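Each chain, letter by letter, is given below.
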Amino acid sequence: MTTQEALFKYTLRIGDNDLILGHRLAEWCSYGPTLEEDLALTNIALDLTGEAQALLQYAAEVEGKGRSADDLAYKRPERQFYNSIITELPKGDFGYSIVRQFLFDAYELPFFQMLTKSKDETLSAIAHKAVKEVKYHLRHSANWVIRLGDGTEESHNRVQKSLNDLWEYTGELFEMDEVDETVLKEGIGVDLTLVKAEWDETVNKVLAEATLTRPEDGWMQTGAKREGIHSEYLGYILTDMQYLPRAYPDAQW
Amino acid sequence: MTDTQLPLWEVFIQSKTGLPYKHVGSLHAADAEMALENARDVYTRRSEGSSIWVVPSECITASNPEDAEEFFEPSNAKIYRHPTFYVMPEGAKNI
């Protein structure tokens, strides 16, 4: 695998996580439990979509085959998306969306913080901008996990169940393969074992404060980030997301 | 009917350091920290501010509309309290 091939896939993985999770969060638009939270979730969705745009644009440049960010977002089939499965799972109830967001934010903040030190100037610049946004995402989702976990019996039980259900999707975030090894060796990529250590610390601290029990590590779902083998849910997102550009390929707006 | 909404907070935003905080609206939130986050999300999305205050609405003591007569009308007759009787100095655009 050449560095260019690895960098292309590496950038797609980060961008696809943001694009797909951004889309899932945007599904809360006008369905938020309160007006305030409706805006908060869609603000975060917009941040993620903005990050995805920058990353996919860079991925297209790295690939050098004349594709644009839009081509990558709207014209790739399911098997060529490399987001982790946790980002594509249906939004569930508010507690489920918040727990997923927290587990992801706790990963993405240290990830982007470490990526600011990348030798790749574009990735470093994108990470610099993203860190400020993701800091707020984590603060917001962690605060909700604490309040729902340490809230009523109903809210506690619901977020504990969400946490148990989501746990098997957390392992994929930290999985490293040839792509990661290649960019890590070049000083471009991030060592995910270091990200995992920070993630553990954040997750343990917040769960303790939220009076939630950290599930035992067991079987971890994987395959999407590495090879594009997804859950059954990604296809439906793409159907929604890609309908317009596929039906009207030259549409301008 | 029971009110299932979270407590109400009043939001004040300062647009620039040194300027007074202005009341911009209200919101519901579980506690002070979440009220600050909600205020950030609801009221500063278009770079309206650089600092936020949130105050529990119940902590605000408001004047009673019924008292308007004794509170506010007496000052209507005291136009000399408005600085409208001064001659503008030459060169001053505003007083």
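Here the structure is a predicted model, which is why all the values come from computation and not from measurement. (Residues numbered from 1 in each chain as written. Chains lettered and ligands numbered in written order. Predicted model: local features only at pLDDT ≥ 70, side-chain atom pairs only at ≥ 80, totals over all residues. Heavy atoms only, no water.)

Chemist: Would you mind showing me how to read the interface of chain A and chain B here?
Modeler: Reports of interface size often rely on the accessible area that becomes lost once the parts have come together. Listed per partner, the contact involves 12 residues of chain A and 11 residues of chain B. Overall, the association of chain A and chain B removes approximately 1300 Å² of surface from exposure, summing both partners, and the carbon and sulfur fraction of that is 50%. Together, Glu36, Tyr136 and Arg147 of chain A form the three largest contributors to the area buried by chain A at its contact with chain B, with a combined 45%. If you look at where chain A meets chain B, you find three salt bridges. Here Arg147 of chain A makes a salt bridge to Asp31 of chain B, at a shortest N to O gap of 2.6 Å. Inspection of the chain A/chain B interface yields 11 residue pairs in polar contact (both at pLDDT 80 or more). (Contact = heavy atoms within 4.5 Å. Buried area = accessible area lost by both parts, 1.4 Å probe. Salt bridge = Lys/Arg side-chain N within 4 Å of Asp/Glu carboxyl O. Polar contact = N/O pair within 3.5 Å; in protein donor to acceptor, adjacent residues only side chain to side chain.)

Chemist: Would you explain the environment of Asp71 of chain A in this entry?
Modeler: Residues and elements named next belong to chain A. Following the sequence through the fold, Asp71 ends up in helix α3 (residues 69–74). The sequence separation of Asp71 and Pro245 amounts to 174 residues, and the corresponding C-alpha distance is 9.1 Å. Contact partners of Asp71, with chain neighbours within four places excluded, come to Gly66 and Arg76. Reaching out from Asp71, the side chain makes a polar contact with the backbone nitrogen of Ser68 at a distance of 3.0 Å. (Helix = DSSP H or I, 4+ residues; strand = E, 2+ residues; numbered from the N terminus.)

Chemist: Quick question: what am I supposed to make of the side chain of Ser124 of chain A here?
Modeler: Residue and element names in this part refer to chain A. Tracing the backbone shows Ser124 in helix α5 (residues 121–149). With a relative accessible area of 11%, Ser124 lands in the buried category. Contacts of Ser124, omitting those with residues within four sequence positions, involve Leu115, Thr116 and Ser118. (Buried < 20%, exposed > 50% of the residue type's maximum accessible area, 1.4 Å probe, protein only.)

Chemist: When you look at the nonpolar core in this model, what are you seeing that I'm missing?
Modeler: In globular proteins that are soluble, nonpolar side chains generally tend to be buried together. Of all hydrophobic cores here, the largest spans 93 residues; its most connected members are Tyr10, Phe102, Leu103, Tyr107, Phe111, Phe112 and Leu115 of chain A. Here this core takes 14 residues from helix α4 (residues 94–115) of chain A, the largest share from any one element. (Core = buried A, V, L, I, M, F, W, Y, C linked by side-chain atoms within 4.5 Å.)

Everything listed here is a matter of geometry and, on its own, says nothing about what the molecule does.
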